[in-house]
Amino acid sequence: MLDAANDAIYVRSLEQMVTYWNDGAERLYGWTRAEVMGRKIHELVLYDPAAFEAAHGLLLAQDSWIGELKMTSKTGKEFIVFCRWTLLRDDAGQPKEVLAINTDITEQKRLETNFLRAQRLEGIGALASGIAHDLNNILTPILVSAPLIRETVSDPEGRALLDTMQNCARRGADIIKQLLTFARGEPGVRVPLPLRHLLRDMGKIIHETFPKNIQLNVESSKDLWLVLGDATQIHQALMNLCVNARDAMPRRRHTGLESGKPDCGRGVHRHDV
C-alpha cells in the first residue's frame, strides 16, 4: 500500500539513517531502495541544513512537524516538498524513528506564483489607468495652448521648439492612450506606417532634446517599405534605442551629460540612426 502511494514515504532513525524507502521516494529523489538503505538522509537529499535542523528540533519538541522544504534529487533537480513528519516511539515511549511523508508541490507553487503575478499585473493595470487619466489632464492644456502661442512667435527657432513641444505632448497623449488600452486589455491599433517619416520625426526630437555635443545623422533609403504596426510603439522602440546609444557614448561620465550640461571643448560624439 505504501509503494502504491504517490508521496515519497520513508523512515529514518534519529541519527538520520534511512530504514525504509518506498517507491514514491524512488520516483521523487531518484535513489533506489538498495542505494539508500543504511545511509544518512543528508547524503542522499540536498537541503538547507539550517531549515532542516530547525524542522527536526520542532519535531522532537512537538512529536510532529508540517512545513515546506527545498530539496534536490540524485540528478541535481531542485523541487519544493510539503513535509509531514511524525516522531515514532518505542514501547518504552522513547523517540526512536521519524516517519516522513513528502509531497512534491513544485508545480503548485509555480501556479501560485503565476496567479499572484497576474493579480499584480491587474493592480498595475488599474493604477496605470488612473495615472493615464491624470497625465491626460496635464497634457491637454499644452496641446491646446501650443498652437495659440505659435501664432504669436515669429522667431524660427522658437517656432521649431514649439513644434517639438507640441509633437512630444501629442506623443505623450498617444502613450497615455496605450496605457489605457493596456489597462482595459484591448489590442493596439495597427496601421500601415512609413518608416522614413517616423525616423524623420525622431531625428527632430533628438536634435532638440539631446545635448549639443552629440552629432545626429539620420540615414534611410528612399524605397523603404511600409510596415504594419502601432506608431506610438515604434516611436517608443526608436527612442529607447537612441537613449541607449546616447548613454553608451564614450566618456559620457566626463562630458556633463549626467547633469544635462553641454561640454563644449571635449569633442562631438556621433549618433547614427
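Quick caveat: nothing in here was measured; it's all calculated off a predicted structure.

Analysis parameters
Residues numbered from 1 in each chain as written. Predicted model: local features only at pLDDT ≥ 70, side-chain atom pairs only at ≥ 80, totals over all residues. Heavy atoms only, no water. Phe/Tyr/Trp six-rings, centres within 6.5 Å; stacked < 30°, edge-to-face > 60°. Buried < 20%, exposed > 50% of the residue type's maximum accessible area, 1.4 Å probe, protein only. Helix = DSSP H or I, 4+ residues; strand = E, 2+ residues; numbered from the N terminus. Lys NZ or Arg CZ within 6 Å of the ring centre and 35° of its normal. Pairing = 2+ DSSP bridges.

## A few points about the packing of aromatic side chains
Right, on to step 1. Within the structure shown, the criterion is met by 5 aromatic pairs.
Right, on to step 2. Look at Trp-21 and Tyr-29: their rings are 5.6 Å apart centre to centre, the planes differ by 40 degrees, and that puts the pair in the tilted class. Residues Trp-21 and Tyr-29 agree in their burial class; the two are buried.
Right, on to step 3. With a centroid separation of 5.8 Å and 50 degrees between ring planes, the pair formed by Tyr-29 and Phe-79 is classed as tilted. A residue pair is termed long-range when its members are at least 10 positions apart, and Tyr-29 in helix α1 (residues 23-29) and Phe-79 in strand β5 (residues 78-89) qualify at 50 residues. Phe-79 matches Tyr-29 in its accessibility class, with the two residues each being buried.
Right, on to step 4. Every member of this aromatic cluster is reached through a ring pair, and the members are Tyr-10, Trp-21, Tyr-29 and Phe-79.
Right, on to step 5. Over the face of the ring belonging to Trp-31 we find Lys-74, whose NZ or CZ atom lies 4.9 Å from the ring centre.

## Considering the pairing of strand β2 (residues 18-21)
In the case of a regular strand, side chains alternate between the two sheet surfaces.
Right, on to step 1. As judged from the 3 bridges shared by strand β1 (residues 8-13) and β2, these two strands associate in the antiparallel manner. Note that in β2 the partner of Val-11 across the bridge is Tyr-20.
Right, on to step 2. From the end of β1 to the start of β2, which pair antiparallel, there are 4 residues, and Gln-16 there has a positive phi angle of about 70 degrees.

By themselves, these are just geometric observations and shouldn't be taken as functional.
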